[in-house]
Structure formats: structure tokens, C-alpha cells
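What follows is each chain in one-letter form.
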Amino acid sequence: QPLARELFSAAFVCCWEELNEQYRANLVHALETAFVADVSPEILQTLLNLAEFMEHDGVASGLPIDISNLAELALKCRAFAKALHYKEREFLMGGSSAANCVESLISINKKLDLPEAALGVLKATRLQIGQSAYTDGLPSEHFSPHFLRSDQREEMKYSVMTSTQSRIGAEFRSQGLDEVHESWLAKLGSWADALSIYRQKLTQNPNDFDAMLGCMRCLDASGEWQKVLDLAQQSWPALAGAHTVVGGEAKTAPHSFESLYMTPKGKRKALKFASEAAWRLGQWDKLDKYSSELVAFSDRGGASKGSEGSKIDFDGAFYTAVLRIHTKEWDQAERAIDGARKAMDSRFTALMAESFKRAYSSMVTAQILAEMEEIIAYRKLEGRAVASAQRHPINRPDQFEARERLLKTWRERLAGCRVDADVHAHILAVRSLVLGPTDEVEATLALSDLSRQAQRYKLAERVLLDPLAALGADLNGPVFGFGLPDQLTSPILGGPGDNQMAAIQNLDRLVSGSAEETIPQYHALHSQFVQQLQHEVGGRDRLHIQHQIYFAFVKHLWAIDKRDEALHRLEKLSAIVDMVSYCEGGSDGLRVQCWMELGDMKQRQSSTVAEYLTHQQQVGVLSAFKRAVIAPSCGYQAWHAWALLNFRLAEQRNETTDGMTVKVRNQKSMDIIRKHVLAAINGFVNAIMLGTKRWSASVQQDLLNLLTCLFKYGDLTDVAKAINEGTTTIMLEAWLGVLPQLLARIHIRHPAIRSVLHPLLTRLGERHPQALMYPLSVLLKSPVAERKLAAESLMNTLKSHSSSLVEEALMVSTELIRVAILWLEMWHEGLEDASRLYFGEGNVQGMLDILLPLHDQLETGAETHKELEFVKIFGQNLAEAHEYVKEYIRLAHEETGGIPGHSSGETPPGFDHSGGPPTGQSEAAETAMNKAWDLYYTVFRFINKQLPGLTKLELNQCSPALSQARDLELGVPGSYRVDGSYIEIRRFIQNVQVITSKQRPRKITLQGSDGKDYVFLLKGHEDLRQDERVMQLFGLVNALLVRDRETKKHDLNIQRYAICPLSHNCGVVGWVPHCDTLHSLIREYRQQKKVPLNMENREMLKVAPDYDMCTLMQKVEIFTEALRRTTGNGNDLYEILWLKSSNSEEWLERRTKFTRSLAVMSMVGYILGLGDRHPSNLMLDQLSGRILHIDFGDCFEVAMNREKYPEKVPFRLTRMLVKAMEISGIEGSYRTTCERTMAVLRDSRDSLVAMLEAFVYDPLISWRLVGLSDDDMEEEGDDDGGEPVSIVETPVPASSDDEEVPAPMVNRSVSPPAPNGAPIDMARSVVPAPIAEGFDEEGGEDEDAYQEATAIDTSAVTFEEPPRPQGPLVVIDRVGVSLSERIQEGNAVETENTMRREAAAASVGRARSLQMYSDIQSMAAKLSASNRIASVAGDESAAVEGSMAKSRIARSLRQREAMSLLLEGEVGHEEALNVKALKVIRRVRDKLSGTDFADDDEGTGEQTALDVSDQVQRLIVQATSTENLCQLFIGW
């Protein structure tokens, strides 16, 4: 009964709770007896599920059964995920059994198809043992070279963060692991290394059967089947001996070897390897001998029983079937196949509870048996066709049609199989019973490629050489270009004999010459020679097949580092294939492949770190690519390579030796650049036209490079014209992928560039108006006038054919901004920033630039209920304040001729650096401004009290237009596709949730035309344009990962979500369901465990309350000790993944995806320079387990280069993340995935650099580089718009949960006035507050209590009289007039008293102003306390000095200043942008070429490029270094 099975575990737990200890012990004993009894696998599986349920959801301690027994039971039931869980727990428990778990963990991970995790177990074991003798037998290719060097440098060693369980190391050392590790290597597929150890043991003891069996296994995997047969022949007397029992165990009586004893299992394996080798070599008599012995052995015992009671051995039945098919004994073959299928019955029964992935190898075996039956059926039909040869064709079976039908079925079946060398090898081996060497060549080539990727090089070579030998090919014969007559050969351009002048002439011919100038002329003599070759090999098809296989063999030579031989052979092969293709007029596919591979090999052979090519090298590579592109059907890759090389050469020519771009004045050089650019444009256009979905990543690179040619070289002759002609031939849909880059340059004034850009955007708008709606609505709100005018012009063009769509887009964009930023919030932020500018910086003009637009907006009138409510409450006060501001402006202009203010770092006249409003103003003007700020302060206090209650909104109150909108033409953001399909907006859901974080984003819901609800996060005060570009980059990375075979196999990708900017400070972000931040998950877990959220921070402060005053070495010790003391040892995330999974299979799947996704984003984030990766910016998908990143404000290593508290780590890899991975930590899937991802990124660095160049030079983004100071760049990102907060500066003593945590430390008194009458800046005298408990995330503490803690006690202010002046008193008043004239004209005593009263009044006024400023900043800080601070130090919340964020409005003003200066042609700012952009791009190039760690070990001054494994190793060491983490502890 299904229901009874579902409820069994829960019912058992209910009964268990009622039993006493004696009954429980008896029940456990009964269960343990059942575990070892001969019962059905289904019952054992039920008991396993029960044990798992009780551990997961039942009693706290689970079933009191030894965990090793549960692990063995899981292995017995083939429940490998459960077995892995139990073995890992057993391993972590330590003791004498820990070492014995290693081989089990390796074996289980291999069976779970997790070879990276299995390899990680071996690596982690090696690191923990630390024995040098142990490393002697380990394969160097599986370890970073730094692991195996005796002179390992200190900075390359692991920190304490990377060790999984260092306390187990002593247990390992006592287990003698060096005696068994060769079997681990064999399990991991390191056949060559394991073979060398097995051979060494066999030399020492020729009778060591385990060593002999290990040799046979390694030789079989390497394809050296003759050596397997030799070993089998040597031990044949023992293999064929009588079966006996020795010492209670089944043994085989020895014959020629006195001590060679074989277990039944070992003998069966040896016979299997021998049978396989005999079959592969076609030695059918030996196959008969070994398969017969297998069958006889199964009859004597040890095999499974069939349904009829006979004992069946799968291997014996299988090889018997193979032999009988060869001898055409069909009935016996069918019986053997049926026996083999019956032998698999128990295997499939055990796999019923597993996933298809776990049972895949068994499914392949079943498919092979089915194909053997298909072979029998075909052979029978073939025999009938031969027997009925004399009959009429209608009555005669068509064997050729049956063969083609069978081959078609097999091809489709193989295409659907997993891309794995073992799978393909087993399938093709069976098919070889009916196929010959000329059949299924593509499958043979694929098998060789897969074997090479699996590092089984000998097998890969044999797969290629065996068909060539069967075809009678001579590898050094004329078929492959050797020994040709001189009159048939032609020199290849770019050879070593070319001089400099000849190379330059050839270069010009290749770039701009016609095809006839670059290819040899073929004559009748060449045609005769080709016909002779075809006759010798047996026809055109056999010649083509030989060339195909030989071409694969040449690539194999290159892969095994025989590069010179490979290059020499490929040059000759390319020439002969080109000749055959031209003379016979056949397919150009192989011809193009040969020339492409030749050019690529020459390029890789001659490439350097700088990637500059000499003239001879340029000619050699260009000539090969030119020969490829002149072929009639050359395809995408040829044009892409040709265009990219010419583009690089143009860039190389346009750079000086130091890499700085200059305008070359030499006309000849400019002409060379122009020719390369035109050739690149022609190549890019053709490549884009031929590009398919498979090459989507490269096509996007081609488009970006084509735009670079336009924007960088558009002023050269014919460049813009060539691009304009090319755009008419390229499909419009292709440009949608680079639409952000097109719109970013919409303001360019150069006529040639505008002639290309604007017509292209107009055509895009006609065909895809939906794609332009949201981006254009952003540009229409741009603060840069030129961009706004260009956007208006394009929008007017769209109105001519899509007027209603345009109106809807403008309405939706405007109204969403209205909902995102209410007037209440707009004035709150504006007043906060205005107070900072006026009181803190003395910048009156900056204050007015913020407040006056707000007043103007207020005077235009309210349009919604919320706005009317705001006017009703605050309108009168703000109107009066506006009048006082106007009065101040009038007086300031009358008395001083201008408003005090500063820009570009200039200090305003009269501004006191100690703080306070500017001096040097008349009393009347200052009075007016003080009255205005009295009103502003009142308004700010009321708004600050109202904002925390803003948790829900109704659309009809804040945006009636959106509330009434129905059935719009406008699409849902992010739903538009290249094919023109999209989902229209049906309506907006009325209820809008306000998320209580600093920026108060809204959760809005749109109902689409498909009936589904689409949820978005509407974010105000945030510029999402950079996040949009980052998502575009992630799309490119995903395309690259899908294109690579290994990364696609492991489903590596970055989870993306829709981002749609609405203006420079507002946008919508797609809501990702089922995701929680790591911060919230860990907070929930620790609350359940009654553990403080900031436990690590508390422990650090217990050890050292003055942590920030400690030296680096002291911080390391404190940090390490605090982590050691932490309850749970950082296993929180590990436990979360386990507890939130319903069973072991789900847990394993989620953990694997967690580890791999974390690794992918670690590498991509490093290339991008992504910082600010605190726990609130990392989210966990609770269904898949993938890590999702949010908030991409800190890119290009901004966080690492800021002045205060720079980040030291390249990516986040803290202890808690490491322990959530496999038992081996970073040494398993994490490291392997990092290396694979980095390899893909480095192989595709051209595409990534093209994207990031467009990113950096994008005018919408580049202001971040040129328009921000270091301090500004420090404050770029937060979880919902808040700013990064540094680590605590003033620690507080740790306290228990019952102790009261002291309030934030704030200076409560104002210092005496300075001699000039200005008190010290109170904002700067506030002590930074510690991150302490007592404030919840939403600022739930009582507001009055908070203000009381942070208020300035004005009663403590005392004013001393200034000293009596000695002689003439000269004081400058607020308007800068000397008072000495007044003294001379009036009574000196009266003047002195007046001055004293004025000074006292001024001091009181300035103290009152500073108190007002401090109150505003304190209230804003209290309201801003959010998850961001909590995630910085693992605390619930904290109050910090001032606001968490400087204004987004101020940042927008700086952006406008920077952009206007750039657009006005300010040379200095343009050069500053170029310098910073080039520095960023150069850094990215270094990362993608392995030169990011500048090593100069030999003192040559040249950088040495690291390989991928070394680069990843250094990054991991940096990320896990205690020295780096302890300097900026940002959580767990």
C-alpha cells in the first residue's frame, strides 16, 4: 500500500517515543539482524529510509545503530547517496575507522558519477597525512605543482581555513595508507600512475595476484590489450585451476605459481579483462578459451541465480554472446543475451530507488544487449538476402536498406547518449561486430576526442591508428603529403626563410589582395596525381576517410605536446587536402578545417604574454586563415578567426610599446591600420551572417568588435561606409544582443559614426519597438542634454508607427518611478543630503541644487492621494521655508554677488574646515537660512517618524494611472525575445509591499497576458544600469560554458534574472522565487539552536576588546582562536543544506550544485573584480541549491582599491562556505570547477575582453571611474541600496544574552568654540559606534530612546569670553568688512561689547546648527540600520555614525558633472577616463592570461604566465588566508 509505506517512518517514530530503553534495545537488535539477513532489497531500502527519517526529522539522536553498519547496508542496497552521507559522518567522527573510509568515499563518489569529489578525497587525504613518501606515487597531473614541490613557498601554503579535519591526520599516519593508495588511483582513472606502482609491486613479488589484477585493469583502460593477454597467458594455469577452499575461503589451487592465490571475485575480474582484450584484438580462439572458463567458473559457484535456478554470470553470458555472433550461431547467441539480461535483474531492482543518472551505466549495458539482438536480426536478414539472390527483387529482402535504417537508428541513439569515453567505447565495440573501419567515422573520431579529454592518450591514439592500419595507410606516404614531386609543391607564406621586406609585402597582399594572389595555381598535373592517389587507396571516399582520421591524429599529436611534428604533418596534409578538394570539386569542410587548425597552431606556437606577433608570424597565420576563407563554403569559424586576427593586428599597430593608445601620424601606418580594420569589418560581417546559436557567444563578440571598429576607427576613410554596407546585410535581430552598447553611444556627434548608428537604431525601432521602450525611457530622463535630445529624436521616430506603445511606455516608466520614490522619501533623503552639504561641508550652492528642484516639483501640484496628503501635512512649512530660501538668495546676491559653494574640490570662502555652516554672510541672510532650516528640521522629524510605518502601499493612492491600466501593448520587463515574442502587461496588482530596508524597495506584481503573475522588486535611489550590464556579461559567460563539453556536462551556469532600469536612480529587478540570503538562513538556524547570530564577533571581542588596535599577527591569532571557540565549528550552512532536503539524494544534488555554482561565480567574480560579497548579497536557491549573487555595484576591484578598509580577498570563500562542500572541502568539485571555468574564460578571453571593453568605455558606466573619488568609490553598493560599512572601530565588551549591551558611544558635549568663534565639528567628533545587539533589523528600538542616546547635550556648552584686544581690533565679519573703521568712528567700548555679544550669539547659533545637523544625521542613521550592517559582522543590527549612505542625488550630480565635462571635450577628463579604463582592461587581460600574479623569479623583468591550476591555487590561498580575512571580518 503506497499510503502505508509513506506513513511507516512517521508511525515508527511515534511508537519509538513510547518504548522504554529495554524495548528500544531489543528493537535495535532486531533491526541489525534484519540488516544482515537474506531479505529482499525492497525491505532493506525501507529500513534505510526509516533510519534516515529518524536522523533527519525524527528523534534528535536518530536510531542508535552504529553508523558504519548503516553505511554498509546502504552500499549493499546500492543506495549510494545514503552511503556517502553515512561514510562522511563516520569520517568526521575520526578514530581508527577514519582511514578506512577513504577508499569507500572514493569508490562511492565514483559510483555516484562524481569523479571530482573522489579526487578531492584523495587530495585532502594527502594534505592531512603530510608524508613525503606518500606523494611519490601520486600523479602529478592531479595536483597543483605547488603541492609536489619540496621548496614550496610560504605564501602558497594553505591557511587554517582550508583544512577539513586536521585532527584526523594522526590517525591516518598510523594506518599505513601507502600500501593501498594505488587502488585509489585506479579508481580515480589515473591509470598510468597506478600501473607504474602495480608493476613495481609485481617486480618485487611475481606471485602478487592483486598487483597482476591491477596491471590488467590499468592496461585494459589504456587500450593495451595485447599486454593484458600476455599477463593472462602467464597466469593461465592459475586461472584455469580447480576451485578449492583454503582457510574457510574460496581459493584457486596453484599450478605453476606456488603462492598465487585468487579469490573468486579476483579470478572473475581477471577472466573478464582477458576476454575483453581478446575480443578487441579479434583473437576469437582466445576469447573462446577465456569466456568458456568464465562460464565454467559460474557453474562452479559465485554467480547469481536465474529464474530457472541455473547460475548465471553476466560477463560469461555477455562474452559468450559476442563469440556466438561472430561464429553466426544465432540461437546460442540469443540464449546468452537472455542469460546476461537475467543476470542484471538484481542490479535493476536495487536501482529502483535511485535516479536515472545513478542507473545510467546499467541502462547503457541494457541498450548494448538490445543492439546485439539487432545485429543478430540484421545478420539473419543478410543471410536470407544472399540465399535469395536469384529471386525477383520484390521477393528478395533489401539488406542495404536495412543496413542504412539500422545505422540511422544507431546514430540517433548515440547522439542521445552521455558524452563519456567509456559509454561510447562500449557501444562502438559491440557495433564493430557488424561495422568496418570506413563505417561511422564520425563516431570513431568522437571516441578518440573523448578518450583524449579523459587523459587516456594511448587509447585515443589506438582508436585512430587501428582504422588507418586496416585501410593500409602509410603515415609518411604521399596520401598525407610526404614525398611529393617538386613540381606539385608550393611554398607556404610566412616560412622561416622569409625576410622582413618579403614578409611586409606578403602581409599587404594577404590583407587587401584578391584570392588569386594568395592561392597556388593547380594544373592538369595536379589532377592526374589526385586521380592516382584515389586509385591507390580505393576511391575518393576512402581517401577522404583516411584524411579525416589522419587530421584527428595530427591534433592528437599536438595535444600530447608533440607540437613540432604535428605542425610539420599538418602543413603537408593541408596542402594535399587543398589540392584534392580543388581538383575534385568535393566538399570544402576538411580543407577549411585543416587551414584553420594550421593557423591556430601557428598562432599558439608563436604567441607570447604580450600577444604581439612579428611580421613573419603575422604572414604565416594570415596566410592559413586566408586559404580558409577563400573556400566557397568556409563557414563561421573561418571568417571569425580571419576578422579577429586582423582586428588584433590593427590594435597592435595602434599601440605604443607601453600599451597606451596614440594617434599615429604616419600616413603609411594609418593606411596599414585602415586595411586591417576593413578586412576585420568584412570578416565580422560575414561571420555574423553565418553565425548560429552554437556560436552565439562568439557572434556577440563579433558584434562588439564591429562596434569598436566603428567608434574607434570610424573617422578613417571607408570604415564607416563599410560598416554601413555591412549592417544592411546583417539580420536586425542580431543587434538586439548589443542594444545597450548602441544606445550608450547615441549622443556621439561625429557625422560618420552617426550616419551608421542612428539609421540602425531607427530600423531596430521599426522592427522591434518593444525592445527599445524601456531603454529609451531611461535616456529621456538623462541629466546629459545631448543624450536626452538624441533619445527624444529617436522616440519621436518611434511615435510615427507605435504612438500608443510609446505613450504607454512613458506612462509606466514615470508612474513606476513615482511609486518607487514617494514625496515623503524624496524630501527625507533631500533634507538629509542638504544638511550634510550645508552644515558639514559649507556648500550652500550644493544644498540649493538639491532643495530647489524639490520645491519646484511641489509647486507644480500633487497628482495622487499620497502627494495630496503630503502637501496637506507639510505644504505650509515647506512653502514658508522656500520663501526664506528665496530671501537668502536675494540677500546673498545683493551683498556678496553669489552663493557660497564649491565644486571640483574648491573650498568656499569663509568655510571653516572644522565644520558648521559657512561664515562670511550677512546677519540678515544667515537669519533667513536659519529660519528655513528650523522649518526643514521640523518637517524632517515628522517624516522620519512616519517612514518606519510605510510597509504597504495601494496603487490607487500612489499611482492611479497604473491602478487603472488594463491590457497594455507594453511587454512585461525582461520578457522580450529575439524572435519578437513577448508577454503583454494585462494589469498591475493593487497591493504593493514595502520591504523594510534602507532604500525601502517595493515588491510589485504584474499580471501578464498569459495569465501568470510576474513579481519584481522596484528599487528607488539605485542606479541599475551597471547591474544590467553585468547580467549581459553573465549571459555571455553562460553561452561560453554551454559551448564547452565538460562544463555543459556538469550544467555549469550563472543564474540570471531580469534587470530593467527606468532612470538613472530607479529600476525593476526580477524576483527570484524560493531564494533566501545566507544571512537570513543562518540567522534562522542559529535562533533555533539558541546561538547568538554574531557568535564569532563576540568571541573575538572576548579575546581582545581592542581588536582594531592589534597588529596583524595578533589579529591572526585572535581570529583563529575565535573561530576555534565557535559552537558548531562553522557547520551551520552544511546543516542547513541537510535539514532542508527531504532525503539524501536531494541533499547530494543540492550540495553538488551549491559547490559548483559557488566555484563558477568565484572565477567570474574575480575576472569582473566583483566585491562587497557579504552574506546578504549571496542567496541560496532552496530548490536547486545554487548560489545566486545580487548587487553588482562594486566592480573592477573598487572594493579592493578603496582607501578605508579595502577588501583583501578576490572572492568570498570563508570557513562556513568551505564546510558546506564535500568532505574534502575545496579539493573536490570546487577546485575542479574553478579550474574548468577559468580555463573556459581564458580560452574565450577575446569575447570577454570585448564585452568588458564595451562595459568600461560605456559613457553610462565610465563616470564611476572618472567621476568618483576613492571615498565615493568606497560607498558604491549595499544589499538594497545601502552603503558598505567598515568593521567596528570601537569594540564593546562581550556580554551574555542577559547582560545589557551599552548604547553606542557618542560624544555628548560640544567643545568650546575655537578662537575664530566656530566650535569643533560635532559630526567629526562622534566616535564610531560598535556593532552591538539591542537594535533589530528594522530599527525596532524605541525612537526616543535612540535619540536620547545620540542627542547632543547643549546644557554642557559653555562660552568663554574672547580675550580683550590689545591695540586696534581687526576682525572680519560675515560679509568680510573690517571692523577697525567702526572703532575709529564710534565708541570703542560700545563696539567691543557689541562684538562680544555677537561672538557669543554666533557661537550659540553655530552650536544649535550643529545640534540640528547631528539630530538629522542620527535619525537618518537609525532609520537606515538594516540587514547590511548585520551581515557585515554577523550582528542583528547597529547604529553607526551619520547616514549609512551619502546621497544618490549627490552621486547623480557628480555623474552629471563628470559626463558634461567629458561631452564638452575636456581633454584632462577624457585622458583621465582613458588612463583608468586602460588600467582596468589591462588588469582584466592579465587575469585572463595568467599574468595577474607578477612573478619574476629569474630577474628578467618579464612576467611569467601561470597555468590555470596554479592561478586558481593562488586565488584560493588568497581567499582563504587568515591574514586577509582577519583584517576585514565580514561574517561567517
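Cut-off values and rules
- Residues numbered from 1 in each chain as written.
- Predicted model: local features only at pLDDT ≥ 70, side-chain atom pairs only at ≥ 80, totals over all residues.
- Heavy atoms only, no water.
- Helix = DSSP H or I, 4+ residues; strand = E, 2+ residues; numbered from the N terminus.
- Buried < 20%, exposed > 50% of the residue type's maximum accessible area, 1.4 Å probe, protein only.
- Contact = heavy atoms within 4.5 Å.
- Areas by Shrake-Rupley, 256 points an atom, 1.4 Å probe, with all protein chains shown as cover.
- Phe/Tyr/Trp six-rings, centres within 6.5 Å; stacked < 30°, edge-to-face > 60°.
- Lys NZ or Arg CZ within 6 Å of the ring centre and 35° of its normal.
- Pairing = 2+ DSSP bridges.
- Salt bridge = Lys/Arg side-chain N within 4 Å of Asp/Glu carboxyl O.
- Expected span 1.5 Å × (residues − 1).
- Polar contact = N/O pair within 3.5 Å; in protein donor to acceptor, adjacent residues only side chain to side chain.
- Axes fitted to C-alpha atoms, helices over the stretch in contact; angles between N-to-C directions.
- Parallel < 35°, antiparallel > 145°, perpendicular 65-115°, else oblique.
- Patch = residues over 30% accessible without salt bridge, like charges linked within 9 Å, V, L, I, M, F, W, Y side chains within 5 Å.
- Lys, Arg positive; Asp, Glu negative; His and termini not counted.
- Charge placed at Lys NZ, Arg CZ, Asp CG, Glu CD.
- pLDDT = per-residue confidence, 0-100.

Draft legend 1. Molecular detail of the overall build of the protein chain. Looking only at helices and strands, the protein chain has 66 helices and 14 strands in total. Expressed as a percentage of the 1532 residues in the protein chain, the buried residues total 55%. If you take every contact in the protein chain between residues at least 6 apart in sequence, the share linking residues at least 24 apart comes to 73%. Of the roughly 65,400 Å² of accessible surface on the protein chain, a fraction of 50% belongs to carbon and sulfur atoms.

Draft legend 2. The packing of aromatic side chains, seen in detail. Counting across every chain of the model gives 19 aromatic pairs. Between W279 and Y319, the aromatic rings sit 6.4 Å apart at their centres with planes inclined by 75°, giving edge-to-face as the arrangement. Here Y319 lies in helix α17 (residues 314–326) and W279 lies in helix α15 (residues 264–281), a separation of 40 residues in the sequence. A relative accessible area of 5% places W279 in the buried class. When the ring of F647 is compared with that of F684, the centres are 6.1 Å apart and the planes differ by 65°; the resulting orientation is edge-to-face. Separated by 37 residues along the polypeptide, F647 in helix α31 (residues 636–653) and F684 in helix α32 (residues 667–690) bring together distant segments of the chain. Members of the aromatic cluster, joined through ring pairs, are W279, F314, F318 and Y319. Of note, K1003 hangs over the ring of W1071, and the distance from its end group to the ring centre comes to 4.3 Å. The lysine or arginine in question, K1487, covers the ring of Y1166, its NZ or CZ lying 4.6 Å from the ring centre.

Draft legend 3. Region of the structure containing the pairing of strand β9 (residues 1013–1020). Here strand β8 (residues 1002–1008) pairs with β9 via six bridges, running antiparallel. Each residue of the ladder has a partner; that of I1004, found in β9, is F1016. Here β8 folds back onto β9, and the loop between the two strands holds four residues, one of which, G1011, carries a positive phi near 85°. Relative to strand β11 (residues 1066–1070), β9 runs antiparallel, the two being bridged by five bridges.

Draft legend 4. How the structure looks around the pattern of salt bridges. Under the counting rule described, the total for this entry stands at 74 salt bridges. For K267, the salt bridge identified is with E293, shortest N-O distance 3.4 Å. Here K267, found in helix α15, pairs with E293, found in helix α16 (residues 284–300); they are 26 residues apart in sequence, far enough to count as distant. Judged by its relative accessible area of 0%, K267 falls in the buried class. Residue classification places E293 among the buried residues on the basis of a relative accessible area of 11%. Across the pair R1045 and D449 runs a salt bridge, and its minimum N-O distance is 3.0 Å. One end of the pair, R1045, is in helix α46 (residues 1045–1049); the other, D449, is in helix α23 (residues 441–453), with 596 residues separating them in the sequence. Looking at D449, the relative accessible area reads 23%, which means it is partly exposed. Linked through salt bridges whose partners overlap, the residues forming this network are D508, D671, R674, K675 and D718.

Draft legend 5. Structural context of the environment of Q1513. Secondary-structure assignment places Q1513 in helix α65 (residues 1508–1520). Residue class for Q1513 comes out buried when judged on its relative accessible area of 0%.

Draft legend 6. Just helix α51 (residues 1144–1168), in detail. When the terminal C-alpha atoms of α51 are compared, their 36 Å separation across 25 residues agrees well with the 36 Å that a helix rising 1.5 Å per residue should span. Most of α51 is tucked away, with 22 of its 25 residues classed as buried. At the N-terminal boundary of α51, the capping side chain belongs to N1143, with an oxygen 3.2 Å from the backbone nitrogen of E1145.

Draft legend 7. Focus on the packing of helix α45 (residues 1025–1043) against helix α55 (residues 1245–1256). α55 packs onto α45 with a crossing angle of 170° between their chain directions and a minimal axis gap of 11 Å. Considering their axes alone, α45 and α55 lie roughly antiparallel with respect to each other. Contacts from Q1026, R1029, V1030, Q1032, L1033, L1036, V1037 and L1040 of α45 reach α55 at S1247, L1248, M1251, L1252 and F1255.

Draft legend 8. A look at the sheet that holds strand β14 (residues 1187–1189). The antiparallel open sheet is built from three strands, whose spatial order is β12-β13-β14. Taken across any chain shown, the strands that pair with only one partner, and hence form the sheet edges, are β12 (1075–1077) and β14. Averaged over all neighbouring strand pairs, the angle between strand axes comes to 35°, with direction disregarded. Where strand β13 (residues 1178–1181) and β14 come together, three bridges link them in antiparallel fashion. Bridged to L1180 within β14 is I1187.

Draft legend 9. A look at unusual backbone geometry. In this structure, E440 takes a positive phi of about 55° despite not being glycine. Its location among the elements puts E440 in the loop between α22 (421–431) and α23.

Draft legend 10. Seen up close, the pairing of strand β7 (residues 991–994). Here β7 shows a buried face lined by V992 and V994 and an unburied face lined by N991 and Q993. Two strands pair when backbone bridges link them, and strand β5 (residues 952–954) and β7 are joined in this way by three bridges, in the antiparallel orientation. Pairing of L953 across the sheet is with V992, part of β7. Relative to β8, β7 runs antiparallel, the two being bridged by two bridges. Across the sheet, the residue bridging to V994 is R1002, located in β8.

Draft legend 11. Molecular detail of a positive patch on the surface. A surface patch of positive charge is lined by K111, K265, K269 and K272. In terms of residues, the positive patch owes the most to one element, α15, which gives three residues. Positionally, K265 belongs in helix α15.

Draft legend 12. View of α15. Between its first and last C-alpha, α15 extends 26 Å over 18 residues, near the 26 Å set by a 1.5 Å rise per residue. Three or more residues of α15 are buried, namely G266, K267, R268, A270, L271, F273, A274, S275, E276, A277, A278 and W279. Positive phi shows up at G282, right after α15, with a value of about 70°.

Draft legend 13. Representation of the confidence of the model for the protein chain in the model. Across the protein chain, the average pLDDT comes to 78, with 75% of residues at or above 70. Put simply, helix α59 (residues 1343–1350) is where the protein chain has its lowest mean pLDDT, 32, and strand β6 (residues 985–988) is where it has its highest, 96. Residue range residues 302–310 is modelled with pLDDT below 50. Its contacts to residues more than four positions away, or to other chains, number 14 contacts.

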